[in-house]
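As a plain string of letters, each chain reads:
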Amino acid sequence: MKLGIVGLPNVGKSTLFNAITKAGAESANYPFCTIEPNVGVVAVPDERLDKLAEMYNPQKYTPAVVEFVDIAGLVKGASKGEGLGNKFLSNIRECDAIVHVVRCFDDPDVVHVNGKADPKTDIETIELELILSDMEIMEKRIERTQKMMKGGDKSYQPALDLYQKIYKCLEEEKPARSLEFDDEESELTRDLQLISMKPVLYCANIAEDDIKNPDIPYVNVVKEIAAAQNSEVVVISAKIEDELGQLEPEDREMFLDDLGIDSAGLDKMIKASYKLLGLISYLTAGPQEVRAWTIKNGTKAPQAAGKIHSDFERGFIRAEVVSYDDLIASGTYNAAKEKGLVRSEGKEYVMKDGDVVLFRFNV
């Protein structure tokens, strides 16, 4: 999973990125301190893997990972090259989803690019730049498709109709993700890499002092916008996340308890991202390795096996499955098997989050 962190300059993007990846990206109180997109790979926190590691004492421990890409602050006119422009918009196209950091605090010591915090305007500014950038792409697609149809080849008509439908939506300043597509159209959109098609996770960055405040007007504005788009929202304080990132794990738990917070911002972001993208994790466990594998919700057993190796999918025989909860309650895999909790599942089995699986295959 690859998430692109976007937002206006000085909204807390790089501070948040540093905190969650410990990558040490430069962070400063001026626009455009991020000149190249910083990339950080983060292990997905998963207590289930920790418990399985205690059970099996494996040689290798491999959690699922998320790749965060911190992209320089976008400004009005970015799609036309303002600020650092199109260079950074192209970086977002490679991501699975967008984490849009929105400033939800006032601080005279931290310059806001527009003079003051205004979540609604800030969100609209970024969204419009992404839409304008996509319009440019669609204009070229339409032009190229029309040229290919000049010889009378009607096979391109469905693609042209789709491209024009998307362009009209963008022209109305609506993101492409607000459209509905049938199966044929969905197939045709796969190679477009439109930024405004990507799902959005809004990250409301609040002041440290507001961490226990359930009713922040700025945050409520972000939640309203997200609800209208079927997007997800997490509320975090990048400053607190920065402090957390510098602590040892045991000190981190104590710090969270002192603040009265049940989980760190990274955990919230990853959970929300999994939900947004419709992802789940299944687990494999043994003395050699315990590992989490990320798949789309609704994936069948052979395709899930293919995540490990293509041979597993090609020669799939069956999946031996036990739920994580049943395995832990039983104490050992053999005990779970004796209780009849290990099931033999075939090619039509739809994987569930937390399945602990042993795939049988023959190539």
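Okay, so let's go over this structure. Just so you know, these numbers come straight off a predicted model, no measurement behind them. Residue positions are counted from 1 within each chain, in the order its sequence is given. Given that the model is predicted, a residue must reach a pLDDT of at least 70 before its local features are reported, and side-chain atom pairs must reach 80 or more before they are shown or counted; all residues, however, enter totals for whole chains, interfaces and linings. Values reported for side chains reflect all heavy atoms of the structure, with hydrogen atoms and water molecules removed beforehand.

### Comments concerning a nonpolar patch on the surface
- What makes a patch is a set of residues exposed beyond 30% relative accessible area and free of salt bridges, joined within 9 Å when like-charged and within 5 Å when nonpolar (Val, Leu, Ile, Met, Phe, Trp, Tyr). Here the Shrake-Rupley method, with its probe set to 1.4 Å, supplies the accessible areas, and only the displayed protein chains count as covering residues. Any Lys or Arg side-chain nitrogen found within 4 Å of a carboxyl oxygen on Asp or Glu counts as a salt bridge. Together, Val39, Val41 and Val65 give the surface a local cluster of nonpolar side chains, amounting to about 250 Å² of exposed area.
- Buried means the residue's accessible area, taken with a 1.4 Å probe over protein chains only, is under 20% of the maximum for its type, while exposed means over 50%, and partly exposed covers the values in between. On the accessibility criterion, Val41 (55% relative accessible area) is exposed.

### Notes on a negative patch on the surface
- Neither His nor the chain termini are counted; the positive set is Lys and Arg, and the negative set is Asp and Glu. Positions of charges follow a simple convention, taking NZ of Lys, CZ of Arg, CG of Asp or CD of Glu. A contiguous patch of negative charge on the surface is contributed by Glu47, Asp50, Glu54, Glu253, Asp257 and Asp258.
- To qualify as a helix, a DSSP run of H or I must reach at least 4 residues; to qualify as a strand, a run of E must reach at least 2; elements of each kind are numbered from the N terminus. Those elements that place two or more of their residues in the negative patch are α2 (47-56) and α9 (249-259).
- Its location among the elements puts Asp50 in helix α2.
- Accessibility expressed as a relative area gives 38% for Asp50, which makes it partly exposed.

### Structural notes on unusual backbone geometry
- The residue Asn57 is not glycine, and still its phi comes out positive at about 45 degrees.
- Judged by relative accessible area, which is 65%, Asn57 ranks as exposed.
- The phi dihedral of Gln193 is positive, around 55 degrees, even though this residue is not glycine.
- Take Gln193: it is sitting in the loop between α6 (183-189) and β6 (200-205).
- On the basis of relative accessibility, which here comes to 40%, the residue Gln193 falls in the partly exposed class.

### Structural notes on the sheet that holds strand β5 (residues 97-103)
- The pairing criterion for strands is at least two bridges between them, as found by DSSP. Read across the open sheet, the six strands follow the order β2-β4-β1-β5-β6-β7; overall the sheet is mixed. Two strands close off the open sheet at either side, each with one partner strand: β2 (38-43) and β7 (232-236). With direction set aside, neighbouring strand axes in the sheet form an average angle of 25 degrees.
- Relative to strand β4 (residues 65-70), β2 runs antiparallel, the two being bridged by six bridges. Lines fitted to C-alpha atoms define the axes here, with helix axes fitted over just the stretch in contact, and angles between the N-to-C directions of these axes take values from 0 to 180 degrees.

### Structural notes on the layout of surface pockets
- There is about 1000 Å³ of room inside the largest pocket.
- Every definition here rests on a 1 Å grid over the protein atoms only: cavities are sets of points where a 1.4 Å probe fits but cannot get out, pockets are open sets enclosed by protein on both sides within 12 Å along at least five of seven lines, and lining residues have some atom within 4 Å of a point. In terms of lining residues, the largest pocket is bounded by 30 residues, among which Val44, Pro45, Asp46, Leu266 and Asp267 are the most central.
- Only α1 (13-21), β2, α2, α8 (238-245), α9 and α10 (265-277) provide two or more residues apiece to the lining of the largest pocket.
- By residue number, the principal contributor to the lining of the largest pocket is α10, which donates five residues.
- In the scheme used here, Gly and all other residues not listed as nonpolar or charged are polar, with Ala, Val, Leu, Ile, Met, Phe, Trp, Tyr, Cys and Pro taken as nonpolar and Asp, Glu, Lys and Arg as charged. By residue class, the composition of the lining of the largest pocket is 15 nonpolar, three polar and twelve charged. Grid points are joined across faces, edges and corners, and a volume is the space filled by probe spheres set on the points.

### Points about the packing of helix α4 (residues 119-148) against helix α5 (residues 157-171)
- Where α4 contacts α5, the axes come no closer than 9 Å and their chain directions differ by 155 degrees. For the element pair α4 / α5, the angle class is roughly antiparallel. Crossing handedness for the pair α4 and α5: left-handed. Between α4 and α5, the residues in contact are Ile131, Asp134, Met135, Met138, Glu139, Arg141, Ile142, Thr145 and Gln146 and Leu160, Tyr163, Gln164, Ile166, Tyr167, Leu170 and Glu171, respectively. What sets the label is the angle itself: under 35 degrees gives roughly parallel, over 145 gives roughly antiparallel, 65 to 115 gives roughly perpendicular, and the rest give oblique. Each crossing gets its hand from how the near helix is turned against the far one by less than a right angle, where anticlockwise is left-handed and clockwise is right-handed. What makes two residues a contact is simply this: any of their non-hydrogen atoms within 4.5 Å.

Remember that the coordinates give geometry; whether it matters functionally is a separate question.
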